[in-house]
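Listed below are the residues making up each chain.
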Amino acid sequence: MQVDAAGTSCLTGGGTIVLESHENVYAPGGQGVYDDPVEGWVLYYHYVNTNIGYADGQKQFGWNKIAWNNGWPTV
């Protein structure tokens, strides 16, 4: 059974947010994880930069190092 950081089943409404909208980063998604030989584990994704615009051609690429907090990923 898959559970979130609080131990709630993901089949019954559980889930732990790793990255959400913040500041000018809106709707991060399409994410993946990569083990970079220099930076270590990173989360990469695309997002809307609200300072630039919302059009398809204006999407940005972002990445953050992954840290672990009590066995759960945080960025």
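Residues numbered from 1 in each chain as written. Predicted model: local features only at pLDDT ≥ 70, side-chain atom pairs only at ≥ 80, totals over all residues. Heavy atoms only, no water.

S.K.: Would you mind going over the overall build of the protein with me for this structure?
M.R.: The number of helices and strands found in the protein is zero helices and five strands. What you see in the protein, going N to C, is helices and strands ordered as β-β-β-β-β. Its C-alpha atoms give the protein a radius of gyration of 14 Å, more than 25% over the compact-globule value 11 Å for 75 residues. Here the C-alpha coordinates of the protein stretch approximately 40 × 35 × 20 Å along the principal axes. Out of the 75 residues in the protein, the part that is buried amounts to 21%. (Helix = DSSP H or I, 4+ residues; strand = E, 2+ residues; numbered from the N terminus. Rg over C-alpha atoms; globule rule 2.2 N^0.38 Å. Buried < 20%, exposed > 50% of the residue type's maximum accessible area, 1.4 Å probe, protein only.)

S.K.: Before we go on, may I ask you to explain the packing of aromatic side chains in this structure?
M.R.: Think of a pair of aromatic rings as described by two things: how far the centres are apart, and how the planes are tilted against each other in angle. Across all of its chains, the model carries three aromatic pairs by this definition. Judged by centre distance (5.9 Å) and plane angle (65°), the rings of Tyr26 and Tyr54 are edge-to-face. Residue Tyr26 is found in strand 1 (residues 25-36), and its partner Tyr54 is found in the loop between strand 2 (40-49) and strand 3 (60-65); the two are separated by 28 residues along the sequence. Relative to Phe61, the ring of Tyr44 lies with its centre 6.4 Å away and its plane at 25°, an arrangement referred to as stacked. With Tyr44 in strand 2 and Phe61 in strand 3, the pair connects residues that are 17 residues apart, well separated along the chain. (Phe/Tyr/Trp six-rings, centres within 6.5 Å; stacked < 30°, edge-to-face > 60°.)

S.K.: Help me understand the nonpolar core in this model?
M.R.: Soluble globular proteins tend to bury their nonpolar side chains together. Counting five residues, the largest nonpolar core is built from Val25, Leu43, Tyr45, Tyr47 and Ile66. For this core, the element with the most residues is strand 2, which contributes three residues. Ignoring any residue separated from it by four or fewer positions in sequence, one finds Leu43 in contact with Val18, Leu19, Gln31, Gly32, Val33, Gly62, Trp63, Asn64, Ile66 and Val75. (Core = buried A, V, L, I, M, F, W, Y, C linked by side-chain atoms within 4.5 Å. Contact = heavy atoms within 4.5 Å.)

S.K.: Whenever I open this one, the side chain of Ser9 confuses me. Can you help?
M.R.: Looking at the element boundaries, Ser9 is found in the segment before strand 1. A distance of 3.1 Å separates a polar atom in the side chain of Ser9 from the backbone nitrogen of Leu11. (Polar contact = N/O pair within 3.5 Å; in protein donor to acceptor, adjacent residues only side chain to side chain.)

S.K.: Can you walk me through the sheet that holds strand 3 in this structure?
M.R.: What holds strands together in a sheet is hydrogen bonding between their backbones, with the strands either parallel or antiparallel. The antiparallel open sheet is built from three strands, whose spatial order is 1-2-3. Among the strands making up the open sheet, the edge pair consists of strand 1 and strand 3. The sheet shows a mean angle of 25° between the axes of neighbouring strands, direction not considered. Of the pairings in the sheet, the one linking strand 2 to strand 3 comprises six bridges and is antiparallel in character. (Pairing = 2+ DSSP bridges. Axes fitted to C-alpha atoms, helices over the stretch in contact; angles between N-to-C directions.)

S.K.: What should I look at first to understand the environment of Ala5 in this one?
M.R.: Locating Ala5 in the fold gives a position in the segment before strand 1. The partly exposed category is assigned to Ala5, whose relative accessible area is 44%. Counting along the chain gives 27 residues from Ala5 to Gly32, while the straight-line C-alpha distance between them is 20 Å. Excluding residues that lie within four positions of it along the chain, Ala5 makes contacts with Thr16 and Trp72.

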